[in-house]
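One letter stands for each residue in the lines below.
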Amino acid sequence: DDDLAMFSSTFVELAERAKSHAHELRDEMVKLRNAKAGLAMSRSDFARDLMQQIEDDTSGVEAEALPFISKLAKEAEACIEVGKAVERGADRFPVAVMAGAWRRCVA
């Protein structure tokens, strides 16, 4: 009878320890899941802030560079038109237009 009582109490103690261990494991898994979620949100916020900073910087560069690019495109088109005139066999082309285009491009 003592053996049965000792076996029963040992079994109950093991069951309680297993239950306690399962609860501790579940709590640790919840902590881990919350930490992962927190890191993901932090990473998401960092990426969003970085993209916003890049967009702000890019728009400033675009605003500064666009007028120069527009002028360069205009001058390039003038050069292309003169080139087409030369291809068609024109004997002369407006030197002042070309000189002005080159001067504006370099300046």
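Keep in mind that what you see is a predicted model, and the values were worked out from it rather than measured. (Residues numbered from 1 in each chain as written. Predicted model: local features only at pLDDT ≥ 70, side-chain atom pairs only at ≥ 80, totals over all residues. Heavy atoms only, no water.)

Some words on the overall build of the chain
Here is step 1 of the chain: When you go through the chain residue by residue, the secondary structure sums to two helices and zero strands.
Here is step 2 of the chain: In terms of overall dimensions, the chain is more spread out than a globule: its C-alpha atoms have a radius of gyration of 39 Å, far above the 13 Å expected for 107 residues.
Here is step 3 of the chain: If you line up the chain on its principal axes, its C-alpha atoms span 125 × 30 × 15 Å.
Here is step 4 of the chain: Put simply, the chain shows about 9600 Å² of open surface, and 63% of that area lies on carbon and sulfur atoms. (Helix = DSSP H or I, 4+ residues; strand = E, 2+ residues; numbered from the N terminus. Rg over C-alpha atoms; globule rule 2.2 N^0.38 Å. Areas by Shrake-Rupley, 256 points an atom, 1.4 Å probe, with all protein chains shown as cover.)

Describing the pattern of salt bridges
Pairs can form between side chains of opposite charge once their charged atoms are near each other.
Here is step 1 of the chain: Counted under the stated rule, the structure contains three salt bridges.
Here is step 2 of the chain: Close ionic contact of Arg 17 with Glu 13 constitutes a salt bridge, the shortest N to O distance being 3.0 Å. Separated by four residues within a single helix, Arg 17 and Glu 13 lie in helix H1 (residues 2-87), roughly one turn from each other. (Salt bridge = Lys/Arg side-chain N within 4 Å of Asp/Glu carboxyl O.)

Points about H1
Here is step 1 of the chain: At Ala 65, H1 shows its maximal kink, close to 40°; a proline, Pro 67, follows between one and four residues later.
Here is step 2 of the chain: Along H1, the positions that sit buried rather than exposed are Glu 75, Val 82 and Ala 85. (Bend = angle between axes of the 7 residues up to and from the residue. Buried < 20%, exposed > 50% of the residue type's maximum accessible area, 1.4 Å probe, protein only.)

Details of the packing of aromatic side chains
Here is step 1 of the chain: Scanning the entire structure with this criterion turns up one aromatic pair.
Here is step 2 of the chain: Ring centres of Phe 7 and Phe 11 lie 6.4 Å apart, and the angle between their planes is 20°; this geometry places the pair in the stacked category. Taken together, the residues span about one helical turn, with Phe 7 and Phe 11 both in helix H1 at a distance of four residues. Comparing Phe 7 with Phe 11, the two get one shared label, exposed. (Phe/Tyr/Trp six-rings, centres within 6.5 Å; stacked < 30°, edge-to-face > 60°.)

Things to note about a nonpolar patch on the surface
Here is step 1 of the chain: Residues Phe 46, Leu 50, Met 51 and Ile 54 make up a contiguous nonpolar surface patch of about 400 Å² in total accessible area.
Here is step 2 of the chain: With respect to the helices and strands, Ile 54 occurs in helix H1. (Patch = residues over 30% accessible without salt bridge, like charges linked within 9 Å, V, L, I, M, F, W, Y side chains within 5 Å.)

Here's the deal with the environment of Glu 16
Here is step 1 of the chain: As for its position among the elements, Glu 16 is in helix H1.
Here is step 2 of the chain: Taking the C-alpha atoms as reference points, Glu 16 and Leu 4, separated by 12 residues in sequence, lie 18 Å from one another.

In short, shape yes, function no, at least from these values alone.
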